[in-house]
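# Topology and contacts: notes
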Amino acid sequence: MAGTRTDDTALTWHALPAERVSAEFGVDPQVGLAQGSVAELRARYGENVLPEPARKPLWFTFARQFKSPLIYILFVAAVLAIALGHYGDAAVILGVVLVNALVGAFQEGRAERSMEALRRLAALHVRVMRAGAEQVIEARELVPGDIVLLAAGDAVAADARLLAEAQLQMAEAALTGESAPVSKSVAVAPEAAGLGDRHCMVYSGTHVTAGRARAVAVATGASTEVGRIASMTERAEEPKTPLEQRLDQFGRALVAAALGLFVLVMVLGLWRKLPLSEVLMVAISQMVSMVPEGLPVAMTIALAVGMQRMAERGAIIRRLSAVETLGSTTVICTDKTGTLTKNEMTAVALWLPGGREMTVSGIGYAPEGTISEEGRPAGAADTALRELLLAASLCNDAELLPPEDERAAWTVLGDPTEGALLVLAHKGGLDLAQVRDAALRDAELPFDSDAKLMATRHRCDAAPRCVLVKGAPEAVLQLCAADGLAATHAAHDAAEAMATKALRVLAFASVEDDPLDAQAGFEALAGRARLLGLVGEIDPPREEARLAVADCRAAGIRPVMVTGDHKLTGLAIARELGIARDGDRAIDGPELERMGEADLRDALPHIAVFARVHPAQKLRIVEAFQARGDVVAMTGDGVNDAPALARADVGVAMGITGTEVAKSAAKIVVTDDNFATIVGAVEQGRLVYGNLKKVILYLFATSVDEVLVLLLALLGGFPLPLAAVQILWINIVTEGTLTVNLVMDPPDGDEMRRRPVARDDHLLDRLMLARTALMASCAAAVAFGWFAWRLRHGIPLEIVRTEVFTLVAMSQWFNVLNCQSATVSAFGRRLLRNRWLLGGLVLSVALQALVLYAPAMNRWFHTVPLPLETLVVLVALASVVLWAEEARKLLRKTVRAPSPA
């Protein structure tokens, strides 16, 4: 029977001896759990999976699509139509509502399936000891009490207490934000130790950079530190996107307008002493014409098209409206490591005793580049440089692995900082395998995070026992007093100069013929070491990230770095990328903690880097920007990013390096981990919103046109110029074939030179209202004038209604050309750029011909065939709306400078 624990009371595992922890679970560290015990523990603790929100059932996703004031109005219209016995009209209205809901539910479901596929691809496997044999299992099968085997490159799938280790170093950036690997040991830690100081523990979501270890799992799933952060993420409130807010506002305005119009029509009808049933039908027709039925479908398809285009560029959208939110973003809070940088340390500068400075070309782990001194190549033939390169190669636990094939890249097994030293040695002309074979390691003092030193002893050519030391400059220089005070000061100044350039500086020294006693430690080397030189490393920024930041600046978006690294390092990277400008500064977690909310909001415009921050502070940063009225996007990949990802207006997680918590919290997952992909998402979001406003203008102008024609007829004592089914045909068929295709308009090319859309931006701004008034009044004047003139000349009502019906439809064909741009003429290649819209126009013309000349359609829609000469006249009249808008564009160009299309 595994385990002696009788309850689930949490213990401070880091404060207990390793033997006590094993005894708590009744497990032998050399044998592991028996299969029967595994089943018992799994039944008790559950699977090792992070908590996920309960999956919404299909019916809930479908029902959510009906939550809109526009849909409510259509439901009211359908109910009234049914009450009056107009079942065909009601069926058409309900059909539009149903199609909108099906499209929305389908797209949201497909996004969730994409996320599930991403999670399956990222399934983690771990090595455990069970029943005396080593096994490889899925991480979800891990249980408390399992003996976990860890080696360099392994990911940790549960919180575990170390039982044995050998030079173990962990990358805990995903949990603590600390970019440098952390050394671990089996020794008990103080009970009050913070998460980053529990050196005897390894945590889920982190991974091994060097060494090996055996540990016992003490917490899985929701009980892990990652699980606790996931719970905090679930409680984070999710704000509405700007698009949702504007649509709510627009919907409320339409509800009020439609109800007011309904009352107005009823009053006018009763004033004219028309039958109640006829007045009600007219009122329903007016209400239907007032509400753009095509808007919900057009909005859903516009967002879905944006989602599909972004997926092709490497982004999975988890919520449709998040596509537009990126287009409204004014601030991007982005992580540094792996998002803006390559997460590949690179040695870029060297300093040798005597004040010699060298530069190193090439970036990343590929050993391509040279070492230069004052523009001249330098290499292993230089004795001083060779000594430094040998120390960097030998006092090193990493391995540099060549590509497995021509499409793969060079990789490092172990600490990235040490990997960069191996690449440096390659660039200097050393053969690593030959060097290590010729100087075998026979003793070592592993890296000590307190002393900030590491030492190894080798059998060297120069001495029987050569000790090499590596560490922080201040620590190594304390051992090098024999070099003289002046030399020490020179090295210190050189290290400071490198640090101000955001370089991580390492110093190297050698001691001849020392036994390297582990008991005596590093103190035995004091005063005997000879300084070999300094190496400065940097995690190089992504080239595409630099361009992406420039594009963000041009688009009116402010990028802000939020990192767990040192603030000087972050600020230097920020300056190099263009994130920080003159006058900008960096603050760290303690400084942020001391700032009040008002002080923080006042300082935000000049803070380019937030460093050494914890999850609650990231939430505070996002909320502070939001309090200033900014639309905030948050990018990240670590567990510590997740709460802020959920709280931000749109969270963007990394798909490759991102943790499951981060992906679940985000609305967008960038599958290629490339910051530049976000720029494409911003452009696509702006395109979606711009196209959506084109659709709104088109639909609203059409609705106002129909309302004006009907009101003029009602006030003038004329019969209705359009039958109810004809209004529905125009609103659904004529508009529907064009609006869906209008949202497919390609980019104009200046999307990233426009300002972000304001949070309080109206879907119908002043320019759009002016354009609506011009287009609707022209179209209505032509349609009503033709209607009144033809009736006064004794033309039968059925023929005149068919002519007005066709005239209004033709006006919409010209109107859609007007709506493609507020400034650029419709004459030219714009129509040809959108083949979908061209096809929609052809289809709309064909359907209008069908409703005019098919006998069955004549009966359904109360139409009669029209002669060709009448159609020619109607086309000429309908084009008036196009010429009016073209005149407005021309006038705009003559009185002011041209604006972007």
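One can find the structure itself at the top, above this paragraph.
Computed from a prediction, not measured in an experiment: that's the story for all the values here. (Residues numbered from 1 in each chain as written. Predicted model: local features only at pLDDT ≥ 70, side-chain atom pairs only at ≥ 80, totals over all residues. Heavy atoms only, no water.)

## Examining the overall build of the chain
To keep it simple, the criterion reads: Strands here mean DSSP runs of E at least two residues long; helices mean DSSP runs of H or I at least four residues long; both are numbered from the N terminus. Relative accessibility thresholds used throughout: buried, under 20% of the residue-type maximum; exposed, over 50%; partly exposed, between the two (1.4 Å probe, protein chains only). By definition in these notes, contact holds between two residues if any of their heavy atoms fall within 4.5 Å. Reported accessibility uses the Shrake-Rupley method at a 1.4 Å probe radius. Residues are deemed covered only where the shown protein chains occlude them.
When helices and strands are counted, the chain shows 32 helices and 26 strands. Here the chain, with 901 residues, has 56% of them falling under the buried criterion. The contacts in the chain between residues at least 6 apart in sequence include a share of 71% that link residues at least 24 apart. With the model as given, the accessible surface of the chain reaches about 37000 Å², and the carbon-plus-sulfur share is 59%.

## Focus: helix α26 (residues 766-792)
The cut-off we apply is this: A helix is expected to span 1.5 Å multiplied by its residue count minus one.
The end-to-end C-alpha distance of α26, which contains 27 residues, comes to 38 Å, matching closely the 39 Å that a straight helix rising 1.5 Å per residue would cover. Phi for Gly794, located one or two positions after α26, is positive at around 80°.

## Re the sheet that holds strand β22 (residues 585-588)
What links the strands of a sheet is backbone hydrogen bonding, and the strands pair in either a parallel or an antiparallel sense. Which entries qualify depends on this criterion: Each pair of strands is called paired provided DSSP finds at least two bridges between the two strands. For helices, the fitted line uses only the C-alpha atoms of the stretch in contact; every axis is such a line through C-alpha atoms, and the angle between N-to-C directions lies from 0 to 180 degrees.
Pairing is mixed in the open sheet, where eight strands are placed in the order β8-β26-β25-β24-β9-β21-β23-β22. The sheet is open, and its two borders are formed by β8 (315-317) and β22, each paired with just one other strand. The mean inter-strand angle of the sheet, taken between neighbouring strand axes irrespective of direction, is 20°. Relative to strand β23 (residues 607-611), β22 is paired through four bridges, and the arrangement is parallel. Across the sheet, residue Ala586 finds its bridge partner in β23, namely Val609. Along the sheet, helix α18 (residues 567-577) contacts β21 (558-563), β22 and β23; its crossing angle with β22, the most-contacted strand, is approximately 150°. Contacts from helix α24 (residues 675-715) reach β8, β9 (331-334), β24 (632-636), β25 (650-654) and β26 (668-670), with the element oriented near 160° to β9.

## Here we look at the packing of aromatic side chains
Put simply, the test is: Aromatic pairs are defined between Phe, Tyr and Trp rings, using the six-membered ring for Trp, whenever the two ring centres lie within 6.5 Å; interplanar angles under 30 degrees are classed as stacked, those over 60 as edge-to-face, and all others as tilted.
In the structure shown here, the tally under the stated rule is six aromatic pairs. The interplanar angle of 90° and the centroid separation of 5.6 Å between the aromatic rings of Phe718 and Phe784 together place this pair among those described as edge-to-face. Here Phe718, found in the loop between α24 and α25 (724-742), pairs with Phe784, found in helix α26; they are 66 residues apart in sequence, far enough to count as distant. We classify Phe784 as buried; its relative accessible area is 17%. With centroids separated by 5.5 Å and ring planes inclined at 25°, the aromatic side chains of Phe827 and Trp883 adopt a geometry described as stacked. Pair noted here: Phe827 is in the loop between α27 (797-818) and α28 (830-833) and Trp883 is in helix α32 (residues 880-895), with a separation of 56 residues, a long-range link. A relative accessible area of 49% means that Phe827 is categorised as partly exposed. In this structure an aromatic cluster arises from ring pairing among Phe718, Phe784 and Phe787.

## Comments concerning the pattern of salt bridges
Test applied: Any Lys or Arg side-chain nitrogen located within 4 Å of an Asp or Glu carboxyl oxygen qualifies as a salt bridge.
Within the structure shown, the criterion is met by 26 salt bridges. In this structure, Arg530 engages Glu387 in a salt bridge whose closest nitrogen and oxygen atoms are separated by 2.9 Å. Here Arg530, found in strand β20 (residues 530-538), pairs with Glu387, found in helix α12 (residues 383-394); they are 143 residues apart in sequence, far enough to count as distant. Residue classification places Glu387 among the partly exposed positions, given a relative accessible area of 30%. With a shortest N-O distance of 2.9 Å, Arg888 and Glu885 are connected by a salt bridge. In this pair, Arg888 and Glu885 are both assigned in helix α32, three residues apart and thus about one turn of the helix distant. Taken individually, Arg888 and Glu885 each receive the classification buried, so the pair is uniform in this respect. Several salt bridges share partner residues, and in doing so they unite Arg356, Glu373 and Asp382 into one network.

## Looking at the pairing of β23
Burial runs high along β23: five of the five residues are buried. Taken together, the three bridges between β21 and β23 define a ladder with parallel strand orientation. Along β23, the bridge assignment pairs Val562 with Phe610.

## Topic: the nonpolar core
If you look at soluble globular proteins, the nonpolar side chains tend to sit buried side by side. Worth spelling out the cut-off: Remark: nonpolar core denotes a set of buried residues (Ala, Val, Leu, Ile, Met, Phe, Trp, Tyr, Cys) joined through side-chain atoms within 4.5 Å.
Val469 and Ile668 are the most contacted members of the largest nonpolar core, which has 149 residues in total. Residue contributions to this core peak at 21 residues, all from α24. Discounting chain neighbours no more than four positions away, the residues touching Val469 are Cys395, Leu453, Met454, Ala455, Val476, Leu479, Ala507, Phe508, Ala509 and Leu525. Within the second largest apolar cluster, 35 residues are counted, among which are Leu385, Ala398, Leu421 and Ala439.

## Points about unusual backbone geometry
Of note in the backbone geometry, Ala131 takes a positive phi value of approximately 55° without being a glycine. Structurally, Ala131 can be placed in the loop between β1 (125-130) and β2 (133-138). Residues other than glycine seldom take positive phi values, yet His862 does so here, at roughly 55°. Note that His862 resides in the loop between α30 (855-861) and α31 (868-878). Among the residues examined, His862 registers a relative accessible area of 42% and is labelled partly exposed.

## Description of the packing of α26 against α32
Just so we agree on the cut-off: Handedness of each helix crossing follows the sense of rotation of the near helix against the far helix: counterclockwise by less than a right angle gives left-handed, clockwise gives right-handed. By the convention adopted, Pro, Cys, Tyr, Trp, Phe, Met, Ile, Leu, Val and Ala count as nonpolar, Lys, Arg, Asp and Glu as charged, and the other residues, Gly among them, as polar.
Where α26 contacts α32, the two axes come as close as 8 Å, and the packing angle between them is 145°. Crossing of α26 over α32 shows right-handed handedness. On the side of α26, the interface is formed by Leu767, Arg771, Leu774, Met775, Cys778 and Val782, while α32 contributes Val880, Val881, Ala884, Glu885, Arg888 and Arg892. Classifying every residue of the contact of α26 with α32 by side-chain character gives eight nonpolar, no polar and four charged.

## Structural notes on the side chain of Ser510
Along the chain, the position of Ser510 falls in strand β19 (residues 504-512). Once you skip the residues sitting within four places of it in the chain, Ser510 turns out to touch Val467, Leu468, Arg528, Ala529, Arg530 and Leu532.

## Observations concerning the sheet that holds β20
Reading across from one edge, β13-β12-β11-β10-β20-β19-β18-β17-β16 is the order of the nine strands in this open sheet, with antiparallel pairing throughout. Two strands lie at the open edges of the sheet, namely β13 (376-378) and β16 (441-448), each paired on one side alone. In this sheet, neighbouring strand axes are inclined to one another by 25° on average, regardless of whether the strands run parallel or antiparallel. One ladder, built from two bridges, connects strand β11 (residues 356-360) with strand β12 (residues 371-373); its direction is antiparallel. Its bridge partner lying in β12, Thr359 is registered against Ser372.

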